[in-house]
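Residue-level structure breakdown
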Amino acid sequence: MASFNGVLSGRFFRGFILEAGFRVSMAIRSIIADIRRFRLQLELATSRLRRSMCSYNGPLMADEPSEGFKPNSRNDFKSKILRLKYPSGSATTVLQNWVDHGYKVSFPELRRFTTQLLKLKRHNHALQIMNWMETQSRFLVSPADHAIKMELIINVNGLVEAEEYYRNNISGTASRKAAGFVLLKGYVKGRDTEKAEAFMAELNGSGLIVSPHPYNEMMKLYMATSQSGKVPLVIQEMKLNRIPLNVLSYNLWMNACGEVSGVSSVERIYKEMIMDGDVELGWSSLSTLANVYVKAGQVEEASLALRIAEKKLSSSNPLGYFFLITQYASLNDKDEVLRLWRVCKAVGWRITCANYMCVMLCLVKLGDIAEAERVFMEWDSNRGKFDIRVSNVLLGAYVRNGLMDKAESFHLQTLERGGCPNFKTWEILMEGWVKTEDMEKAINAMKKALSLSKHCHWRPSDSVVMAIAMYFEKQGNVEGAHLYIKAIHDLGFASLPLYKSLLRMHLSSQKPASDILKMMENDKIEMDDEAYALFRAVNDD
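In short, a report on the structure. None of these values were measured; they are calculated from a predicted model.

1. Details of the layout of surface pockets
Here the second largest pocket is characterised by a volume of approximately 300 Å³. Glu151, Ile154, Asn155, Leu159, Phe181, Val182, Lys185, Gly186, Val188, Lys189, Gly190 and Glu217 are the residues that line the second largest pocket. Going through the elements one at a time, helix 6 (143-157) and helix 8 (173-189) are the ones with two or more residues in the lining of the second largest pocket. Here the element with the most residues in the lining of the second largest pocket is helix 8; it accounts for six residues.

2. Overview of helix 28 (residues 529-540)
Helix length check: helix 28 (twelve residues) gives 16 Å between terminal C-alpha atoms against 16 Å at 1.5 Å per residue, within 8%. For helix 28, the complete set of buried residues consists of Ala531, Leu534, Phe535 and Val538. The buried residues of helix 28 occupy an angular sector of 95° when the element is viewed end-on, so they sit on one face. Counted as exposed and oriented over 90 degrees from the buried face of helix 28: Asp529 and Asp540.

3. Examining the pattern of salt bridges
When their charged atoms lie close together, side chains carrying opposite charge are able to pair. Under the criterion given, the structure shown has 26 salt bridges. Residues Lys345 and Glu378 are paired through a salt bridge, measuring 3.2 Å at the closest nitrogen-oxygen approach. Of this pair, Lys345 sits in helix 17 (residues 334-347) while Glu378 sits in helix 19 (residues 369-382), placing them 33 residues apart in sequence. On the basis of relative accessibility, which here comes to 24%, the residue Glu378 falls in the partly exposed class.

4. Some points on the environment of Gly89
Looking at the element boundaries, Gly89 is found in the loop between helix 2 (77-82) and helix 3 (91-100). A sequence separation of 35 residues divides Gly89 from Asn124, and the C-alpha atoms of the two residues are 9.7 Å apart. With sequence-adjacent residues up to four places away left out, Gly89 is seen in contact with Leu84, His125 and Gln128.

The rules behind each value
- Residues numbered from 1 in each chain as written.
- Predicted model: local features only at pLDDT ≥ 70, side-chain atom pairs only at ≥ 80, totals over all residues.
- Heavy atoms only, no water.
- 1 Å grid on protein atoms, 1.4 Å probe; cavity = no way out; pocket = protein on both sides within 12 Å on 5 of 7 lines; lining within 4 Å.
- Points joined across faces, edges and corners; volume = space filled by probe spheres on them.
- Helix = DSSP H or I, 4+ residues; strand = E, 2+ residues; numbered from the N terminus.
- Expected span 1.5 Å × (residues − 1).
- Buried < 20%, exposed > 50% of the residue type's maximum accessible area, 1.4 Å probe, protein only.
- Arc of directions from axis to C-beta.
- Salt bridge = Lys/Arg side-chain N within 4 Å of Asp/Glu carboxyl O.
- Contact = heavy atoms within 4.5 Å.

This is how it looks when you write it as structure tokens:
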């Protein structure tokens, strides 16, 4: 009994510590939010006294600008903000200076510019402009403004702060609907099923769900988290709440039932969709049906569905054509891929680099590199600026098929044509050189890829990373290995096997390994028995 009580008291103590830690964390978040608000207020305080009263749609300042501050194409506030270096440059300062010098700026103009920044992924500056607008006395925040700001907060500061903004700053049914949908999408993107379900229940209980869009988001979440069996329950709830299904609702339902219940259930859903007078059957639903048939191995039925889908394609939008081309490739039907490709070109659209890449990838998948080369040459003869992503498709095909001489020759040709290699180019080449054991070239490619990866989220495959580390180990090149693994560590994707290789080299060369332990601690990598023994052996020496 004493032992049992000890366990209970231990659990109570741990629970107390966890709860206290949680409360401290929440207090810190609240303080940080207060600091952010104070910084914004402080930034605007010096100029607020000079600002005139503004109207909702009208200019914020007088018509005449002050002397010595004349606008031009490179000196208007939008151009200045676009030239700011992220994240240090302040859009708030630029905008306030513009207004303080007497220039006009209207809220509709700021809204349009914020949307432009959002498309450019300049989330921080867009959020600064939204915050500045909210400080203006006559600015009326619309539901659309709340939705945009919610998206910006999620991208800049994360879901926790977005939740606080939703709870503390948004009132009114229309605004809560608009912002709530964006917050739900944030949970879906983060694949947080628990929070998404709880928030969906809250929205439902408040009567804020009147369209199929939130339900569609939940179905996307269940599909993405391998919970397809929950999708029919969402449909059931929609029908119970008299929420009409739209095309996407039916498509998601068909996809889920294709995985869970089989073809017959999907066909029943398809028939229900045909009978739904509020929904127009389009190419996307037939494409979804075809995809179910493909997975079930029913090639003839899939081909028939694609033929019918083709008749519903819009001559004003090429998107559907390339979906169908990809599906014909999955049926190993090269003739239909090429036929539909010819149809696309005959319609007269501007064929984009992405379109050429789609067709080339399909042809490579079908094993016809020669035809993919012809498509590439067609693109090359009509292109403007060289897009390395298009040539990477062929480069990858050569490497995967063991044609390294051809790959190297083609790579040099792309450089001569003005191609600028990206991290994917170097990844393809290094994987080929590792396979052919041309390790010096692989190491050089890795260096170039790592120098580019600072600006993106790319990371090399573990097999390539380890192959280069093992080469350094085999050569006994401790200095080279250390520099290499330090670079991998700095980018945040070092691993225990990588550090073991370095420890073995330090042991062989009788060099201390204290810095290795520090790097492992920073990477939060725990030692196993082998690594611990290596570390002890290095230190004992």
